[in-house]
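Understanding the architecture of this molecule
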Amino acid sequence: MKVLILGAGVVGVSSAWYLSQAGHEVTVIDRQSAAALETSFANGGQISVSHAEPWSNPHAPARALAWMGREDAPLLFRLRWDPALFDWSWRFLRECTPGRTRENIRDIVALALYSRERLKTLREDTGIEYDHLERGILHVYTDPKEFAASIEASRVLREFGCDRRTVDADECVAIEPALSATRPILVGGDYTPLDESGDALTFSQNLALLCQKRGVTFRYGLEVERLLGETGKVTGVRVRTPAGVSELLQADAYVAAMGSYTPQHVRPLGVPLPVYPAKGYSATIPLGEDSVAPSVAMTDDGHKLVFSRLGQRLRVAGTAEFNGYNTALNEIRCQALIKRTHQLFPELRPAGDPVFWCGLRPSTPSNVPYIGRSRVPNLYLNTGHGTLGWTMACGAGSALADIVDGREPPVRLRAM
Ligand SMILES: Cc1cc2nc3c(=O)[nH]c(=O)nc-3n(C[C@H](O)[C@H](O)[C@H](O)COP(=O)(O)OP(=O)(O)OC[C@H]3O[C@@H](n4cnc5c(N)ncnc54)[C@H](O)[C@@H]3O)c2cc1C
C-alpha cells in the first residue's frame, strides 16, 4: 500500500520505519529541510517510563493556580482569549480525578514499556547511534512533601509494571556521584534502572537514513496546506513547495504526524483533535574534562526538569507554558533552567555557554496520545504524545503499522 506520512518528527520517522518494515511504499513529507527540526530537536532526551504520571492529576489544579502569573513557574497557564485553550483546559480538568489519572497512567506505562522494548530491538537490529545511555533514570527530591507524594506514585507505577523503586538520599548519591555536593539538600529519590536516555534529533536523522536505505522517500521543504476529502475518505494532500508551487500528493493511506499542528489539518475532515501546544524549554550545556555532570539521566520533579547526558553535553529541559503557538524564548524561563542546574550540580564547570531552545509538545488533556485509524477510514493519526513523544515513538510507530495492516496492536490505544 502507498502510505504518505505528514511530518518527519521522531514520531513520523518512527512510523515510516515500521510501515516500511511491514512492506509498504512510504513517503514522508515535512516543511523543514531535514527530519526532527521542530519539537523533536532538543528535548529532554529521556526514554522515561518512570515519567508516566500525567500533568493532569489530582494535585495539578491547585499547583497551576498557585503558579499562575509567576514568570519562572514550572507549569504556567497564560490567561488569553483562546477558545482552543479553554476547551483543552476544561478537558484537562476532567482528567484530574483520581480515577481518570489512574487509567491514564496505566495506558501511558503500557505504551512506554512497549516502546522502550521496541527501541531496544531496533538498536540491536540496526546498530543505530544517538548518544544513548542505558543507566536508568533517577528522580531526586529536595522537598519532603514532594518525596512523600512520590512514594505512592512509585507504588502505582510498579503496579502497572514500571520498576520505579524508592531510594534514600545516600542511595541517590551512590547511583549518581555527581550529586555528592548536593547531598545536604536531598531528601530522597526513586530509581528506574531500565529507563534510558539519548538524543532524539540524532536518532530521528539516523533512522531517516536507515529508512531511505529501505526505499522510503523523504521530501523536505513541503508545507502541508490542506487535506482533501471526498465521500468519507482522504483523496489527497495539497502542499506548497519552497518555490511557492502548489502540488497534489496522493496515496492509499495518510498518517497525520505533524505534532502540535495536526489538529488544524484534520478538523476540516470532521476529526476534532484536542491537541494543544505546551511550550517547553531546554538548555544544552557543553562539558569539559573537569565538568562534574551526571551521566545517569535525572528528573527533578519539584521543578519539572529533566537532565540527560548526551556525549560531552548536558541537556536540561522541562517546564510547560500554555500560550498558543508562540515559540519566542523567554529569558527568565531560560535562566530558571540554569539556576536550578547549578543548585543541583554546583561543581558543573561548563566548557561554554548554554544553547537555549524551546519547542511545542503536542499535548492531549490526558497525556495519552492518539494513535490509530481516525473516523476517516484512510486517515491515521499518530500525535499527541506530549511530554513523552521520544519515549513512545517506536512503540507508537510499531503499533500504528499493526493497525494499518489490520492486526491488533499489543497495547491499548486511543484514536479519534
Ligand atoms: C522541552 C521539552 C522536553 C522534552 N523532553 C522529553 C523527554 O525527555 N522524553 C520524551 O519522551 N519526550 C520529551 N519531550 C516531548 C517530545 O519531544 C515530543 O513529544 C516529540 O518530539 C513529538 O514528536 P512529533 O514527531 O509528534 O512532533 P514534531 O517533532 O514537532 O514533528 C512534527 C513535524 O511535522 C512538521 N509539520 C508540522 N506542520 C507541518 C505542515 N503544515 N507541513 C509540513 N510539515 C509540518 C514539522 O516540521 C515537524 O517536523 C519534550 C518536549 C519538550 C518541548
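Everything that follows concerns the structure shown earlier in this document.
1. As for the sheet that holds strand β10 (residues 223–230)
Sheet architecture is open: three strands sit in the order β10-β11-β12, paired in antiparallel fashion. The sheet is open, and its two borders are formed by β10 and β12 (246–249), each paired with just one other strand. Going across the sheet, the axis of each strand differs from the next one's by a mean of 25°, ignoring polarity. Pairing of β10 with strand β11 (residues 233–240) involves seven bridges; the strand directions are antiparallel. In the strand pairing of β11, Glu230 is matched with Lys233.

2. A few points about the side chain of Ser50
The topology assignment puts Ser50 in the loop between β3 (46–47) and α2 (60–67). A relative accessible area of 1% means that Ser50 is categorised as buried. A distance of 3.4 Å separates polar atoms of two side chains, one belonging to Ser50 and the other to His139. For Ser50, the contacting residues outside a window of four places in its chain are Ile137, His139, Leu157, Cys162, Arg164, Thr192 and Asp195.

3. Points about the sheet that holds strand β9 (residues 217–220)
The strand order β9-β2-β1-β13-β20-β19 describes an open sheet built from six strands, whose pairing is mixed. Lying at the two open borders of the sheet, with one neighbouring strand each, are β9 and β19 (370–373). If you compare each strand with its neighbour and ignore which way they point, the axes differ by 20° on average. As defined by bridge partners, strand β1 (residues 2–6) adjoins strand β2 (residues 25–30) across five bridges and the pair is classed as parallel. Of the residues in β2, the one forming a bridge with Val3 is Val26.

4. Section: the layout of surface pockets
Taken as a whole, the second largest pocket encloses approximately 360 Å³ of empty space. Lining the second largest pocket are 19 residues, and of these Arg70, Pro74, Gly302, His303 and Arg340 sit closest to its centre. Mapped by element, the contributors of at least two residues to the lining of the second largest pocket are β5 (137–141) and α9 (331–344). A breakdown of the residues in the lining of the second largest pocket according to their chemical character gives seven nonpolar, five polar and seven charged.

5. A few points about the packing of helix α1 (residues 10–21) against helix α7 (residues 200–213)
Where α1 meets α7, the axes come as close as 9 Å, and the angle between the chain directions of the two elements is 30°. Here α7 runs roughly parallel to α1, going by the angle between their axes. Where α1 crosses over α7, the handedness of that crossing is left-handed. Facing Val10, Val13, Ser14, Ala16 and Trp17 of α1, the residues of α7 in contact are Phe203, Ser204, Leu207, Ala208, Leu210 and Cys211.

6. Considerations on the packing of α1 against helix α10 (residues 389–404)
For the pair α1 and α10, the least separation of the axes is 8 Å and the interaxial angle reads 40°. In terms of axis orientation, α1 runs oblique to α10. Considering how the two elements wind past one another, α1 and α10 form a crossing that is right-handed. In this structure, α1 contributes Val10, Val11, Ser14, Ser15, Tyr18 and Leu19 to the contact, and α10 contributes Gly389, Trp390, Ala393, Cys394, Gly397, Ser398, Leu400, Ala401 and Val404. Residues belonging to the contact of α1 with α10 are distributed by class as follows: ten nonpolar, five polar and no charged.

7. A few points about the pairing of strand β17 (residues 313–322)
Taken across its ten residues, β17 has nine buried, putting it largely inside the fold. For strand β4 (residues 75–77) and β17, the ladder comprises three bridges, and the chain directions are parallel. Across the sheet, the residue bridging to Leu76 is Glu321, located in β17. Where strand β14 (residues 276–286) and β17 come together, seven bridges link them in antiparallel fashion. Of the residues in β17, the one forming a bridge with Lys279 is Glu321. When strand β16 (residues 305–310) meets β17, the two strands line up antiparallel, connected through six bridges. Its bridge partner being in β17, Phe307 is matched across the sheet by Val316.

8. What about the nonpolar core?
Grouped together as the largest cluster of nonpolar side chains are 54 residues, with contacts concentrated most on Ile5, Leu19, Val28, Phe203 and Leu207. Of all elements in the fold, only β1, α1, β2, α4 (98–126), α5 (144–159), α7, β13 (253–256) and α10 reach the threshold of two or more residues within this core. Looking at which element gives the most residues to this core, the answer is α10, with nine residues. Residue contacts for Leu207: discarding those within four places in its chain leaves Val13, Ser14, Trp17, Leu122 and Ile128.

9. Quick look at the site of the ligand
Taken together, 35 residues sit near the ligand, with Asp30, Ser40, Gln46, Val224 and Thr391 positioned nearest. Between the ligand and Glu38 there is a distance of 3.1 Å, counted from an oxygen atom to a side-chain nitrogen or oxygen.

10. A closer look at the pattern of salt bridges
On inspection of all chains with the given rule, the structure shows 28 salt bridges. In this structure, the salt-bridge partner of Arg240 is Glu225, at a minimum N-O distance of 2.6 Å. Of the two residues, Arg240 is situated in strand β11 and Glu225 in strand β10; the sequence distance between them amounts to 15 residues. Counted as one network, the salt bridges with shared partners bring together Glu95, Arg100, Glu103, Arg106, Asp107, Arg412 and Arg414.

11. A few points about the packing of aromatic side chains
According to the stated counting rule, one finds 14 aromatic pairs in the structure shown. Ring geometry for Trp55 versus Phe322: centroids 5.9 Å apart, planes at 80°, classification edge-to-face. With Trp55 in the loop between β3 and α2 and Phe322 in strand β17, the pair connects residues that are 267 residues apart, well separated along the chain. With respect to class, Trp55 is no different from Phe322; both count as buried. Relative to Trp390, the ring of Phe203 lies with its centre 4.8 Å away and its plane at 50°, an arrangement referred to as tilted. Taken together, the residues span a long stretch of sequence, with Phe203 in helix α7 and Trp390 in helix α10 at a distance of 187 residues. Assigned by exposure class, Phe203 and Trp390 land together as buried. One residue, Arg31, lies across the ring of Tyr261, its end atom 4.3 Å from the ring centre. In this structure, Arg214 packs its charged tip against the face of Trp17, placed 6.0 Å from the ring centre.

About the thresholds
- Residues numbered from 1 in each chain as written.
- Predicted model: local features only at pLDDT ≥ 70, side-chain atom pairs only at ≥ 80, totals over all residues.
- Heavy atoms only, no water.
- Pairing = 2+ DSSP bridges.
- Helix = DSSP H or I, 4+ residues; strand = E, 2+ residues; numbered from the N terminus.
- Axes fitted to C-alpha atoms, helices over the stretch in contact; angles between N-to-C directions.
- Buried < 20%, exposed > 50% of the residue type's maximum accessible area, 1.4 Å probe, protein only.
- Polar contact = N/O pair within 3.5 Å; in protein donor to acceptor, adjacent residues only side chain to side chain.
- Contact = heavy atoms within 4.5 Å.
- 1 Å grid on protein atoms, 1.4 Å probe; cavity = no way out; pocket = protein on both sides within 12 Å on 5 of 7 lines; lining within 4 Å.
- Points joined across faces, edges and corners; volume = space filled by probe spheres on them.
- Nonpolar A, V, L, I, M, F, W, Y, C, P; charged D, E, K, R; others polar.
- Parallel < 35°, antiparallel > 145°, perpendicular 65-115°, else oblique.
- Left-handed = near helix turned anticlockwise from the far one by under 90°.
- Core = buried A, V, L, I, M, F, W, Y, C linked by side-chain atoms within 4.5 Å.
- Near = heavy atom within 4 Å.
- Salt bridge = Lys/Arg side-chain N within 4 Å of Asp/Glu carboxyl O.
- Phe/Tyr/Trp six-rings, centres within 6.5 Å; stacked < 30°, edge-to-face > 60°.
- Lys NZ or Arg CZ within 6 Å of the ring centre and 35° of its normal.

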